[in-house]
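Structure assessment
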Amino acid sequence: FFFHILPVIMMLARHLDPHHHARLGRLMKLKTPCAGWSSRGGLPPGRDPLSHSTINSTCVQHLCGDRRRRTVTYHGGGNGTFRRSCVVSASSSSSSSSTRDKGTPWVKFCSSCGAPTMQAIPPTEDRLRAVCTNSACAQVHYVNPKMVVGTIVACDDSYEKILLVKRANEPCKGLWTVPAGFMELGESTADGARRETAEEALCDVDIVAPFIHLDLPAIGQSYVLFRAQPADTTAPFSFGNGSETEESKIVHIDDLHQYTLAFTAVSVALEKYAEDVRNETKFRVHHGTITKRPGALPSDMSAFKLEKYICS
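Scope of this entry: the structure provided in the associated data block. Throughout, residues of each chain are indexed from 1 in the direction in which the sequence is written. For a predicted model such as this one, the threshold for reporting local features is a pLDDT of at least 70, and the threshold for listing and counting side-chain atom pairs is 80 or more; totals across whole chains, interfaces and linings nevertheless cover every residue. Where side-chain values are given, they derive from all heavy atoms of the structure, hydrogens and water being excluded.

1. Some details on the pairing of strand β6 (residues 129–132)
Look at any regular strand and the pattern is simple: side chains alternate between the two faces of the sheet. Both faces of β6 are covered, namely the face carrying Arg129 and Val131 and the face carrying Ala130 and Cys132. In this description, strands pair whenever DSSP reports at least two bridges between them. In this text, helices come from DSSP runs of H or I with a minimum length of four residues, and strands from runs of E with a minimum of two, each type numbered from the N-terminal end. Examined bridge by bridge, strand β5 (residues 117–120) and β6 share 4 bridges and lie antiparallel to one another. Bridge pairing links alanine 120 to arginine 129 in β6. For β6 and strand β7 (residues 140–141), the ladder comprises 2 bridges, and the chain directions are antiparallel. Partly exposed residues are those whose accessible area sits between 20% and 50% of the maximum for their type, while under 20% is buried and over 50% is exposed, using a 1.4 Å probe and protein chains only.

Structure, rendered in structure tokens:
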């Protein structure tokens, strides 16, 4: 019973005394869910995922500089003693981004039982995860990148005129981009790109081919943009302003410099698109990784680098 209410005690103590972690570390050893850290379910708590023997795991608070780190050691039985150590952060839902390792996603509370989580490297893995502090749950939470899908719609036979939309919402409200948005569950990338185009520009398009795939690891996003054309080529191209769009417009690629673009990924994509059109060669398929200066705005075109670029 004590170990079930321990997270509540620690949460109350944190509000009363900001240095309570240091005192707890000197006075006691804390039970942890480390024994149950197997991949997505796996073995029940109290079993070692490697030796399949009953183990006793303890977590000892160390007085390091930020008073927020712990060392976890596993003690195994069976044919021999199994031990493993890992470093975790404080099991507190109020941990700020300044105390996390760079690039580590953070889930504050367990979605299975509601208990606070802590950052830890589970056995058999090589990076920090958000792990439930409830020893009866010990759920490991995985946070994966989000996919942004969209279209570059060619509005004439020369491919020189494309469709742009002005954003009506933050981030980057009032800036220009191509029709794009987050992919939904249950749809393909091409279906998502077509849906986003219909929602933002009120037009029906056909997907022609993949054009560019750009990864942004710092913010956990990947952009997949397709070349597209109006679905009905026998009638004038009809488009409008969706609920997320202030204005939509057909723009010549030579005039793109007159429009402030919302996102660096879109800027790179349109630059590569213009290159392919002007070179009068067949369209290539592009891929690259965008790295941005920490703290830079999404629309800051001077604060990024295109790395690991390849094209077919």
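2. Structural notes on the sheet that holds strand β15 (residues 286–292)
Strands sit in the order β11-β8-β13-β12-β15-β16 across an open sheet of 6 strands; the sheet is mixed. Of all strands in the sheet, those with a lone pairing partner are β11 (180–182) and β16 (304–311), marking the two edges. Recorded for the sheet is a direction-independent mean angle of 25° between the axes of neighbouring strands. Examined bridge by bridge, β15 and β16 share 6 bridges and lie antiparallel to one another. Lines fitted to C-alpha atoms define the axes here, with helix axes fitted over just the stretch in contact, and angles between the N-to-C directions of these axes take values from 0 to 180 degrees.

3. Structural notes on helix α3 (residues 189–201)
The terminal C-alpha atoms of α3, which comprises 13 residues, lie 18 Å apart, in line with the 18 Å expected from a rise of 1.5 Å per residue. Taken residue by residue, α3 has Ala190, Gly192, Ala193, Arg195, Glu196, Thr197, Glu200 and Ala201 as its buried positions. Any pair of residues with heavy atoms lying within 4.5 Å of one another is described as a contacting pair. Lining the buried residues of α3 we find β8 (146–153), β9 (161–167), β11, β12 (205–216), β13 (221–230) and β14 (245–252). Of the residues trailing α3, leucine 202 is marked for its positive phi of about 55°. Working rule for helices: expected span equals 1.5 Å times residues minus one.

4. Concerning the sheet that holds β14
Adjacent strands of a sheet pair through backbone hydrogen bonds, lying either parallel or antiparallel. Pairing within the open sheet is antiparallel, and its 3 strands lie in the order β10-β9-β14. In this open sheet, the two edge strands, each paired with only one partner strand, are β10 (176–177) and β14.

5. Points about the environment of lysine 308
Tracing the backbone through its elements, the reader meets lysine 308 in strand β16. Judged by its relative accessible area of 67%, lysine 308 is exposed. The spatial distance from the C-alpha of lysine 308 to the C-alpha of isoleucine 290 is 8.8 Å, given a sequence separation of 18 residues. Apart from the residues within four sequence positions on either side, lysine 308 is in contact with His287, Gly288 and Thr289.

6. A look at unusual backbone geometry
Following glutamate 170, the chain continues into proline 171 via a peptide bond in cis, with omega recorded as 0°. Tracing the backbone shows proline 171 in the loop between β9 and β10. You will see that threonine 124, though not glycine, has its phi angle at about 75°, which is positive. Note that threonine 124 resides in the loop between β5 and β6. Of the residues examined, threonine 124 reaches a relative accessible area of 60% and is grouped as exposed. The phi dihedral of alanine 138 is positive, around 55°, even though this residue is not glycine. Tracing the backbone shows alanine 138 in the loop between β6 and β7. On the basis of relative accessibility, which here comes to 4%, the residue alanine 138 falls in the buried class.

7. Quick look at the pattern of salt bridges
Pairs can form between side chains of opposite charge once their charged atoms are near each other. In what follows, salt bridge is the name for a side-chain nitrogen of Lys or Arg lying within 4 Å of a carboxyl oxygen of Asp or Glu. Scanning all chains against the criterion turns up 13 salt bridges. The closest approach of N and O atoms between arginine 194 and aspartate 191, which form a salt bridge, is 2.9 Å. With arginine 194 and aspartate 191 both in helix α3, this residue pair falls 3 residues apart, about one helical turn. Exposure remark for arginine 194: the relative accessible area of 27% places this residue in the partly exposed category. Residues lysine 272 and glutamate 275 are paired through a salt bridge, measuring 4.0 Å at the closest nitrogen-oxygen approach. Of this pair, lysine 272 and glutamate 275 are both found in helix α4 (residues 264–278), 3 residues apart, which corresponds to roughly one turn of the helix. Classification of glutamate 275 as partly exposed rests on a relative accessible area of 29%.

8. Let's talk about the packing of aromatic side chains
Only rings of Phe, Tyr and Trp enter the pairing, Trp through its six-membered ring, and a pair is recorded when the two centres are within 6.5 Å. The plane angle decides the type: under 30 degrees is stacked, over 60 is edge-to-face, the rest tilted. Evaluated as defined, the whole model comprises 6 aromatic pairs. Ring centres of phenylalanine 237 and phenylalanine 239 lie 5.5 Å apart, and the angle between their planes is 40°; this geometry places the pair in the tilted category. Centroid distance tyrosine 273 to phenylalanine 283: 5.4 Å. Interplanar angle 25°. Geometry classified as stacked. Of the two residues, tyrosine 273 is situated in helix α4 and phenylalanine 283 in the loop between α4 and β15; the sequence distance between them amounts to 10 residues.

9. Some points on the side chain of threonine 245
Secondary-structure assignment places threonine 245 in strand β14. Overall, the relative accessible area of 7% leaves threonine 245 in the buried class. Throughout this description, a polar contact denotes any pair of N or O atoms lying within 3.5 Å of each other; where both atoms belong to protein, one of them has to be capable of donating a hydrogen while the other can accept it, and for residues adjacent in sequence the pair is counted only when both atoms sit in side chains. Reaching out from threonine 245, the side chain makes a polar contact with the backbone oxygen of glutamate 200 at a distance of 2.7 Å. If we skip the residues at most four places from it in the chain, threonine 245 touches Val165, Lys166, Ala168 and Glu200.

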